[in-house]
Amino acid sequence: MSNLDPAPAEATCGGEADATPAHELLIGRDVVLGGPRSMAVSRTLPHKHRRMVGAWCFVDHYGPEEATMRVPPHPHTGLQTVSWLVQGEVLHRDSIGSEQVIRPGQLNLMTAGVGISHSEESPRMVLHGAQLWVALPESDATTAPAFAHHDDLPVVTKDGLTATVLMGTLAGATSPARTYTPLVGAEIVGSGTLELRPDFEYAVLAFEDGPVIDGESVPAGALVYLGRGRTELMFGGEGRTLLLGGEPFEEQIVMWWNFVGRSHDEIVAARATWESHEAFGAVTGFDGAPLHAPELPTTPLKPRGRTR
Ligand code: MN
């Protein structure tokens, strides 16, 4: 019997090839967010052959830049959005009634689950931060939407280093933020050594020029992938970084626009639902029209693994 599936799932899951420490410098692609006063962001995940780090599947770094953020209502499914600021403030509104300003040192965590819509805006000011997504495992992909604001994150001081734990556990401190897979996210300022979990894969995002990882400097906006099998990591040089890590995410996902799903058809359905205004609720208080979904590509969307 031949395989009649026109798009068979690739039998790839990263395997053991990257079970050891690595050092891959991933330079971001410049992406211009839409709107009349658009912001330029540097996107390091997904990268061509490094699509995820644990369940972290999307990493945008922006600023420092004087700008006005204005992201009209748009939907998400199957993921959590993680908002982290170094400078500025951003107002979040969503379709479950949340209205929350986020400031540096605070976490906005939105769990889209089955579907939510939100807007983000700021007055004109210097903005510097990161916008990240965490893929939900299939078992929780359709969980009820939720939003949480955390201004009570644990801060660990060790030698010359300060770590604020956004998600998961680091250096014995655990964030109150809800996670669905074993992962960690922490802002690191200064230099020193932190213990890591050898079963996690890790990456470090530089917020500015200055950090040195494995003896090599990491330019602002770049992400260095560090692989697995490390028991500690030395943060050298100066400057602010974001440590991201997690158990390798072995499920294949389809990421398109603002949706994470498991199949082409699931994404098509999510897009149609958004465009028909049948679900996702409405964001109240935003002065403007919601975003339209782009046209789907002419070829089917393919589920992808963490490395290809
Ligand atoms: Mn969003």
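Residues numbered from 1 in each chain as written. Predicted model: local features only at pLDDT ≥ 70, side-chain atom pairs only at ≥ 80, totals over all residues. Heavy atoms only, no water.

Q: Go over the overall build of the protein with me, naming the residues and quoting the values.
A: Along its length, the protein carries one helix and 25 strands. In terms of overall dimensions, the protein is globule-like: its C-alpha atoms have a radius of gyration of 19 Å, near the 19 Å expected for 308 residues. The C-alpha extent of the protein, read off along each of the three principal axes, is 60 × 55 × 30 Å. The buried share of the protein, reckoned over its 308 residues, is 53%. Taking contacts inside the protein between residues at least 6 apart in sequence as the whole, the part at least 24 apart equals 71%. Of the roughly 13300 Å² of accessible surface on the protein, 51% is carried by carbon and sulfur atoms. (Helix = DSSP H or I, 4+ residues; strand = E, 2+ residues; numbered from the N terminus. Rg over C-alpha atoms; globule rule 2.2 N^0.38 Å. Buried < 20%, exposed > 50% of the residue type's maximum accessible area, 1.4 Å probe, protein only. Contact = heavy atoms within 4.5 Å. Areas by Shrake-Rupley, 256 points an atom, 1.4 Å probe, with all protein chains shown as cover.)

Q: Give a description of the coordination of the manganese ion that names residues and reports values.
A: Coordination sphere of the manganese ion, protein contribution only: His74 (NE2), His76 (NE2) and His118 (NE2), at 2.1 Å. Mapping the donors of the manganese ion onto the primary sequence yields the spacing H-x1-H-x41-H. Placement of the pair is His74 in strand 5 (residues 70–76) and His118 in strand 10 (residues 116–121), with a sequence separation of 44 residues. Take His74: its relative accessible area is 5%, and that puts it in the buried class. Owing to a relative accessible area of 2%, His118 belongs among the buried residues under this scheme. (Donors = N, O, S within 2.8 Å, 3.2 Å for Na, K, Ca; no water.)

Q: Outline the packing of aromatic side chains, listing residues and values.
A: Inspection of every chain in the model, using the stated rule, returns six aromatic pairs. Look at Trp257 and Phe259: their rings are 5.7 Å apart centre to centre, the planes differ by 80 degrees, and that puts the pair in the edge-to-face class. Following the ring pairs from residue to residue traces out a cluster consisting of Trp256, Trp257, Phe259, Trp274 and Phe280. Looking at Arg50, its charged tip hangs above the ring of Tyr225, at a distance of 3.7 Å from the centre. (Phe/Tyr/Trp six-rings, centres within 6.5 Å; stacked < 30°, edge-to-face > 60°. Lys NZ or Arg CZ within 6 Å of the ring centre and 35° of its normal.)

Q: Could you give an account of the sheet that holds strand 3 (residues 40–45), naming the residues involved and the relevant values?
A: Read across the open sheet, the seven strands follow the order 2-3-4-11-6-9-12; overall the sheet is antiparallel. Strands with a single pairing partner mark the edges of an open sheet, and in this sheet they are strand 2 (29–32) and strand 12 (146–150). Mean inter-strand twist for the sheet, computed between neighbouring axes without regard to direction, equals 20 degrees. Where strand 6 (residues 79–87) meets strand 11 (residues 125–135), eight bridges bridge the pair, whose relative direction is antiparallel. Bridge pairing in strand 11 places Leu79 opposite Ala135. (Pairing = 2+ DSSP bridges. Axes fitted to C-alpha atoms, helices over the stretch in contact; angles between N-to-C directions.)

Q: Give me the lowdown on the nonpolar core, citing residues and values where you can.
A: Grouped together as the largest cluster of nonpolar side chains are 40 residues, with contacts concentrated most on Trp56, Cys57, Val82, Leu107, Leu132, Met167 and Leu242. In terms of residues, this core owes the most to one element, strand 11, which gives five residues. Those residues in contact with Leu242, other than ones at most four positions away along the chain, are Trp84, Ala130, Leu132, Leu166, Ala186, Glu187, Ala203, Val204, Leu205 and Phe207. Counting 23 residues, the second-largest nonpolar core is a separate cluster that includes Ala186, Ile188, Tyr202 and Leu233. (Core = buried A, V, L, I, M, F, W, Y, C linked by side-chain atoms within 4.5 Å.)

Q: Give a detailed account of the sheet that holds strand 5, specifying residues and quantitative values.
A: If you walk across this open sheet you meet the four strands as 5-10-7-8, and the pairing is antiparallel. Two strands close off the open sheet at either side, each with one partner strand: strand 5 and strand 8 (99–102). The sheet shows a mean angle of 20 degrees between the axes of neighbouring strands, direction not considered. Bridge analysis of strand 7 (residues 90–94) against strand 10 gives four bridges, and the strand direction is antiparallel. Directly across from Asp94, in strand 10, lies its bridge partner His118.

Q: Just give me the short version of unusual backbone geometry, but keep the residues and values in it.
A: Cis peptide bonds are those with omega within 30 degrees of zero, and the linkage from Leu45 to Pro46 qualifies with -5 degrees. Note that Pro46 resides in the loop between strand 3 and strand 4 (56–67). The omega torsion of the bond from Gly63 to Pro64 falls at 0 degrees, within 30 degrees of zero and hence cis. Examined against the element boundaries, Pro64 turns out to sit in strand 4. At Ala171, a residue that is not glycine, the phi angle is positive and equals roughly 50 degrees. With respect to the helices and strands, Ala171 occurs in the loop between strand 15 (169–170) and strand 16 (173–174). Residues other than glycine seldom take positive phi values, yet Asp214 does so here, at roughly 55 degrees. Structurally, Asp214 can be placed in the loop between strand 19 (211–213) and strand 20 (216–217). Asp214 sits in the partly exposed class, given a relative accessible area of 39%.

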